[in-house]
Amino acid sequence: PERGHSYTIGVDTGEGKKDGDLTCCQVINNFTGEQVAMIRGTYRPDEVSEMVVTLARFYNRAFIIPEKNGLGAAVCQQLEFVYHYDNCFRHEPDRPIGYNMTRDRKMELFGKVAKALESYNLRVNDRVTVKEMLTFRVGKGGRLEAQEGKHDDCVMALMLAYDRRAGGIIGNSQRKKAGYYAVV
């Protein structure tokens, strides 16, 4: 990590099973827009929590944006109550840690990342994430997802991490009026 730079970590928690959904953590340098680290694999939620706190401490006490849907809720609880890591996203100041991903939010985040890539405001350095991006599409019912047999974990974690740099998760008065907050 670069001294004086801030970082954001997006976390998409998988099932922790050998043939299941994978977990991915993406680290973005908030000043440069560069993806500086990515971890992807099969991890239990308790392993994810420990890993992401270690990663955040290494990257200058990085801001963590963990998705709280599904097994992500267990990671969020451990970040808050086991590791007491307070530099995490919350929808409101007195709410639990974690980002509640909805269909509309996913569409919004995807649009921001696509625009950032086109304008060179986001630089992705690993091939796995690039391959996932190439198979990420609008599926049945207008839902964003990976093509059948492919993964979207890296894309989801990247979208979460990048949104903070884009000003979507903090510092945006329209979002604050709508009830989105972050403890920084």
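Cut-offs applied
Residues numbered from 1 in each chain as written. Predicted model: local features only at pLDDT ≥ 70, side-chain atom pairs only at ≥ 80, totals over all residues. Heavy atoms only, no water. Axes fitted to C-alpha atoms, helices over the stretch in contact; angles between N-to-C directions. Helix = DSSP H or I, 4+ residues; strand = E, 2+ residues; numbered from the N terminus. Parallel < 35°, antiparallel > 145°, perpendicular 65-115°, else oblique. Left-handed = near helix turned anticlockwise from the far one by under 90°. Contact = heavy atoms within 4.5 Å. Nonpolar A, V, L, I, M, F, W, Y, C, P; charged D, E, K, R; others polar. Polar contact = N/O pair within 3.5 Å; in protein donor to acceptor, adjacent residues only side chain to side chain. Pairing = 2+ DSSP bridges. Core = buried A, V, L, I, M, F, W, Y, C linked by side-chain atoms within 4.5 Å. Buried < 20%, exposed > 50% of the residue type's maximum accessible area, 1.4 Å probe, protein only. Phe/Tyr/Trp six-rings, centres within 6.5 Å; stacked < 30°, edge-to-face > 60°. Lys NZ or Arg CZ within 6 Å of the ring centre and 35° of its normal.

Participant: Explain the packing of helix H1 (residues 45-58) against helix H2 (residues 72-81) residue by residue, including any values.
Facilitator: Where H1 meets H2, the axes come as close as 9 Å, and the angle between the chain directions of the two elements is 50°. Taken together, the axis directions place H1 and H2 in an arrangement best described as oblique. Of the two elements, H1 crosses H2, and the hand of that crossing is right-handed. Contacts from Pro45, Asp46, Val48, Ser49, Val52 and Val53 of H1 reach H2 at Ala74, Val75, Gln78 and Leu79. Taken together, the residues of the contact of H1 with H2 sort by class into 7 nonpolar, 2 polar and 1 charged.

Participant: So, the side chain of Asn87: which residues are in play, and what are the values?
Facilitator: For Asn87, the location among the structural elements is in the loop between H2 and helix H3 (103-118). There is a polar contact of 3.5 Å between the side chain of Asn87 and the backbone oxygen of Ala62.

Participant: So what's going on with the sheet that holds strand S3 (residues 35-41)? Which residues, and what values?
Facilitator: Spatially, S3-S2-S1-S4 is the arrangement adopted by the 4 strands of the open sheet, whose pairing is mixed. The open sheet is flanked by S3 and strand S4 (63-66), the only strands paired with a single partner. Neighbour-to-neighbour, the strand axes of this sheet turn through a mean angle of 15°, independent of strand direction. As judged from the 4 bridges shared by strand S1 (residues 7-12) and S4, these two strands associate in the parallel manner. Along S4, the bridge assignment pairs Gly10 with Ile65. In this fold helix H5 (residues 153-165) packs onto S1, strand S2 (23-29), S3 and S4, with an angle of close to 30° to the strand it touches most, S2.

Participant: Describe the nonpolar core, and please don't skip the residues or the numbers.
Facilitator: Counting residues in each nonpolar core, the largest one holds 21 residues, and the members touching the most others are Ile9, Ile64 and Leu79. Ranked by the residues each element gives to this core, the list is headed by H1, at 6 residues. Excluding residues within four positions of it along the chain, Ile9 makes contact with Cys25, Gln26, Val27, Val52, Leu55, Ala56, Ala62, Phe63, Ile64, Ile65 and Ala161. Ranked by size, the runner-up nonpolar core spans 20 residues in total, among them Phe63, Val124, Phe136 and Val155.

Participant: Tell me about the packing of aromatic side chains, residues and numbers included.
Facilitator: This model, assessed by the stated rule, comprises 3 aromatic pairs. On the numbers, 5.1 Å between centres and 85° between planes, the contact of Phe58 with Tyr59 is edge-to-face. We classify Phe58 as exposed; its relative accessible area is 53%. Each residue in the set Tyr7, Phe58 and Tyr59 is aromatic and connected to the rest through ring pairs, giving one cluster. Positioned over the ring face of Tyr99 is Arg105, at 5.6 Å from the centre of the ring. Between the NZ or CZ atom of Arg164 and the centre of the ring of Phe63, over which it lies, the distance is 4.1 Å.

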